[in-house]
Amino acid sequence: MSFSGWAEISVVLGLVALTSPFLGVYMARVFAGERTILSPVIDPVERIFYAAAGVDKTKSQDWLTFTMAMLAFNAVGFFLLYGILRLQDVLPLNPAELPALSSHLAFNTAVSFVTNTNWQSYAGETTMSHLSQMAGLTVQNFVSAATGIALALAITRAFVSKGMSAKPVGDKSKNETTAVGLGNFWVDMTRAVLYVLLPIALILALVFVALGVPQTLQASVPVTTLEGAQQTIAMGPVASQLAIKQLGTNGGGFFNANSAHPFENPSAYTNIIQIWAILALSFALTLTFGRMVGDKRQGWALFSVMGVLMLAAIAGTYFAEASGNPIITALGVDGAMGNMEGKEVRFGVDMSALWASATAGTSNGAVNAMHASFTPLGGMVPLFLIQLGEVVPGGVGSGLYGIIIFAVLAVFVAGLMVGRTPEYLGKKIGAKEIKLAMLAVLILPMVILSFTAISAVLEVGRAGVLNSGPHGLSEILYAYSSAAGNNGSAFAGLTANSPWYNTTLGIAMLLGRFAYVIPVMALAGSIATKVKTPPSSGTFPTTGPLFVGLAIGVILILGGLQFFPSLALGPIVEHFLMLDGVTY
């Protein structure tokens, strides 16, 4: 590791920390319905949408209505995208005359983008038409991110709610069973797109174009190489998709090489801006949370939990990659630059390590280096970040409601320690809430480990693996972790465009998104009904270093207990084999 490397990393993280308070306050005002600098332009457009859809923006929804609206919207989005992909050969803006996607690939891709996973079992420039990229994938980049924000706002409002007062014995009034509203899904999603994602993405797209990223409907450009040969260079509307793929923590690349491609990531400047875009909104939403619950310190506490874990992940990955691979060094390759296998020279080990930690810590999935070429421990860190539940800092919205689940578990553990009923933000946490929180937490290991085990045993699963031994297991484990965690990054090596992997990875994405969200929303509905109680001398403080440390411990312990055995069979044993000079 070097001083210059840490300086570059510090610049990017400093930009995130600097902009988070401003974005956090802005989003809090937007979702509270307050007037902002964009209101004169966007408010009339917003009213048109509500009028066309018959939405009353003043009507709040209970947790079940909110959840059903979210599921219905995403179901429609899936079928529309699936139809576009299956019919792209007869639809316009298909200059390369690309064929329609197979049923299993279209299913996988549609699920992937609807769930904000953006896993890609295909090469974008040779598989997708411009219409599929723009009207299909890019649209889902916006609305899937907006869905995550809406869900995060719902659970935030559960803690803001004053709850329902107890009724006298014998009182049969209707208010006794009235559910407490958590906001309106249609309003939150619309505002997330119009006020947050669209304006920032527009600015980013223009910046990317100025820095050399293509934005054109031209399919390709013929060029003459230095050797005098003719080569066809794929082109397309790259900048517009690039902006929202990073800002919305989507990650699906226009090109197969994703952000390692010189058209998607031409320079160090675009690299820095993209990493900032990956992290900015997820960190800022914690501060939106603090402002909405009326205590900014609560937001900063969650921000600190995410920040400490992110710094540890960056340091771990950077150290592993800077240490190099002794097997490659023994072949006579200079190891002074660290492990440069699979990395772009223009980014180096430091920015590759930062990107890998950022993309795996969020639900982004874009890559500027190939994770399969990292050292075993360097590749394990991004894998473990995904398995922690995408809360470091997680996807846009999904990271916030994920970290809140761990905060609830942390105060439960604290309550056990001091022998008092746990509470968070004045809401008592009972057996029902803990059961729902644990149900959500157990979804990921159940899906990831089950599908990994089955694929490692069945011939149809092993057929897609490139490497043998522990690295081959890591390929499978990473794929299902990425799918269930709605991350989308690939370890590389695994041939995933097959009926088995396209189908099972698609199922894993659905379960990782929606089977996780349902207990989270049920938890929000339960908490919303509870009466807020003022803090007492026995209340465990949730704004200081003790809470931050406890929350970090709960996250790491749960992740370790659930996934350490599988990591031991994959990257950990591969690390010791590497030290012994064993190749396979």
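Residues numbered from 1 in each chain as written. Predicted model: local features only at pLDDT ≥ 70, side-chain atom pairs only at ≥ 80, totals over all residues. Heavy atoms only, no water.

Asker: Can you break down the overall build of the protein residue by residue, with the values?
Answerer: If you tally the helices and strands in the protein, you get 19 helices and 4 strands. Since a compact globule built from 584 residues should have a radius of gyration of about 25 Å, the 24 Å found for the protein is in line with a globular shape. Its C-alpha atoms give the protein principal-axis dimensions of about 85 × 55 × 45 Å. Taken across its 584 residues, the protein has 57% of its residues classed as buried. (Helix = DSSP H or I, 4+ residues; strand = E, 2+ residues; numbered from the N terminus. Rg over C-alpha atoms; globule rule 2.2 N^0.38 Å. Buried < 20%, exposed > 50% of the residue type's maximum accessible area, 1.4 Å probe, protein only.)

Asker: Residue-level account of helix α18 (residues 499-528), with values.
Answerer: Between its terminal C-alpha atoms α18 stretches 43 Å, which fits the 44 Å expected from 30 residues at 1.5 Å a residue. Remark: the principal bend of α18, roughly 25°, maps to leucine 511. Among the 30 residues that make up α18, 22 are buried, leaving the element largely enclosed by the rest of the structure. (Expected span 1.5 Å × (residues − 1). Bend = angle between axes of the 7 residues up to and from the residue.)

Asker: With reference to specific residues and values, describe a nonpolar patch on the surface.
Answerer: A contiguous nonpolar patch, built from Ile203, Val207, Leu211 and Tyr269 and spanning about 380 Å² of accessible area, is present on the exposed surface. Examined against the element boundaries, isoleucine 203 turns out to sit in helix α7 (residues 185-210). For isoleucine 203, a relative accessible area of 55% gives the class exposed. (Patch = residues over 30% accessible without salt bridge, like charges linked within 9 Å, V, L, I, M, F, W, Y side chains within 5 Å. Areas by Shrake-Rupley, 256 points an atom, 1.4 Å probe, with all protein chains shown as cover. Salt bridge = Lys/Arg side-chain N within 4 Å of Asp/Glu carboxyl O.)

Asker: Can you explain the pairing of strand β1 (residues 220-224)? Please cite residues and give values.
Answerer: Across 5 bridges, the pairing between β1 and strand β2 (residues 230-234) is antiparallel. Its bridge partner lying in β2, valine 221 is registered against isoleucine 233. Hairpin connection from β1 to β2: 5 residues lie between these consecutive antiparallel strands, with glycine 228 at a positive phi of about 95°. (Pairing = 2+ DSSP bridges.)

Asker: Give me the lowdown on the packing of aromatic side chains, citing residues and values where you can.
Answerer: Under the counting rule described, the total for this entry stands at 19 aromatic pairs. Note on tryptophan 300 and phenylalanine 303: the rings are 5.1 Å apart at their centroids and 65° apart in plane angle, and the pair reads as edge-to-face. In this pair, tryptophan 300 and phenylalanine 303 both sit in helix α10 (residues 296-323), 3 residues apart, roughly one turn of the helix. Judged by relative accessible area, phenylalanine 303 falls into the buried class, the value being 13%. Among the aromatic residues, ring-to-ring pairing joins Phe66, Phe73, Phe185 and Trp186 into one connected group. (Phe/Tyr/Trp six-rings, centres within 6.5 Å; stacked < 30°, edge-to-face > 60°.)

Asker: Residue-level account of the environment of leucine 151, with values.
Answerer: Position of leucine 151 relative to the elements: it lies in helix α6 (residues 130-160). Given a relative accessible area of 2%, leucine 151 falls into the buried group. With 31 residues separating them in the primary sequence, leucine 151 and leucine 182 have C-alpha atoms 9.4 Å apart. Leave out the neighbours within four places in its chain, and leucine 151 touches Phe66, Met70, Tyr401, Val517 and Met521. (Contact = heavy atoms within 4.5 Å.)

Asker: Tell me about the pattern of salt bridges, residues and numbers included.
Answerer: Evaluation of the coordinates by the stated rule reveals 11 salt bridges. One salt bridge in this structure joins lysine 343 and glutamate 321, with 2.7 Å as the shortest N-O distance. Here lysine 343, found in the loop between α11 (326-330) and α12 (348-361), pairs with glutamate 321, found in helix α10; they are 22 residues apart in sequence, far enough to count as distant. Neither lysine 343 nor glutamate 321 differs from the other in exposure class; each is buried. In this structure, glutamate 423 engages lysine 428 in a salt bridge whose closest nitrogen and oxygen atoms are separated by 2.8 Å. Judged by its relative accessible area of 32%, lysine 428 falls in the partly exposed class.

Asker: Can you explain the confidence of the model for the protein? Please cite residues and give values.
Answerer: Scored by pLDDT, the protein comes out at a mean of 92, with 97% of its residues at no less than 70. The lowest-confidence element of the protein is α11, averaging 85 in pLDDT; the highest-confidence one is α7, averaging 97. (pLDDT = per-residue confidence, 0-100.)

Asker: Give me the lowdown on helix α13 (residues 376-387), citing residues and values where you can.
Answerer: When the terminal C-alpha atoms of α13 are compared, their 16 Å separation across 12 residues agrees well with the 16 Å that a helix rising 1.5 Å per residue should span. For α13, a buried count of 10 out of 12 residues is recorded, marking the element as mostly surrounded by other parts of the structure. Buried within α13 are the following residues: Pro376, Gly378, Gly379, Met380, Val381, Pro382, Leu383, Leu385, Ile386 and Gln387. Those residues of α13 that are buried are in contact with α10, α12, α17 (469-484) and α19 (545-579). Positive phi shows up at glycine 389, right after α13, with a value of about 110°.

Asker: Go over the packing of helix α3 (residues 63-86) against α7, please, and point to the residues and values.
Answerer: Helix-helix packing is characterised by the crossing angle of the two axes and by the distance between the axes. Close contact between α3 and α7 brings their axes to 9 Å; oriented N to C, the two are set at 55°. Considered as vectors, α3 and α7 are oriented oblique to each other. For the pair α3 and α7, the contacting residues are Phe66, Ala69, Met70 and Phe73 in the first and Phe185, Trp186, Asp188 and Met189 in the second. For the contact of α3 with α7, the per-class residue count stands at 7 nonpolar, no polar and 1 charged. (Axes fitted to C-alpha atoms, helices over the stretch in contact; angles between N-to-C directions. Parallel < 35°, antiparallel > 145°, perpendicular 65-115°, else oblique. Nonpolar A, V, L, I, M, F, W, Y, C, P; charged D, E, K, R; others polar.)

Asker: Now, about unusual backbone geometry: what can you tell me, with residues and values included?
Answerer: Of note, the amide linkage connecting valine 392 to proline 393 takes the cis form, showing an omega dihedral of 0°. Looking at the element boundaries, proline 393 is found in the loop between α13 and α14 (398-418). Of note in the backbone geometry, asparagine 486 takes a positive phi value of approximately 55° without being a glycine. Of note, asparagine 486 is situated in the loop between α17 and α18. Unusually for a residue other than glycine, alanine 492 sits at a positive phi of about 75°. As for its placement among the helices and strands, alanine 492 is situated in the loop between α17 and α18. Accessibility expressed as a relative area gives 29% for alanine 492, which makes it partly exposed.

Asker: Outline the environment of isoleucine 233, supporting the account with residue identities and numerical values.
Answerer: Take isoleucine 233: it is sitting in strand β2. The partly exposed category is assigned to isoleucine 233, whose relative accessible area is 22%. In this structure, isoleucine 233 is in contact with Ala219, Ser220, Val221, Val223 and Phe263, ignoring residues within four places of it in sequence.

Asker: Please set out the side chain of asparagine 74 residue by residue, giving values where relevant.
Answerer: Relative to the elements of secondary structure, asparagine 74 occurs in helix α3. Judged by relative accessible area, asparagine 74 falls into the buried class, the value being 5%. Those residues within four positions of asparagine 74 in sequence are excluded, and the remaining contacts are Val114, Thr147 and Phe514.

Asker: Go over the packing of α3 against α18 with me, naming the residues and quoting the values.
Answerer: Taken N-terminus to C-terminus, the directions of α3 and α18 make an angle of 160°; their axes are 9 Å apart at the nearest point. Judged by the inter-axis angle, α3 sits roughly antiparallel to α18. In the crossing of α3 with α18, the sense of the turn from one axis to the other is right-handed. Listed contacts from α18 to Trp63, Phe66, Thr67, Met70, Leu71 and Asn74 of α3 are Phe514, Val517, Ile518, Met521, Ala522 and Gly525. Class assignment of the residues belonging to the contact of α3 with α18 gives a composition of 9 nonpolar, 3 polar and no charged. (Left-handed = near helix turned anticlockwise from the far one by under 90°.)

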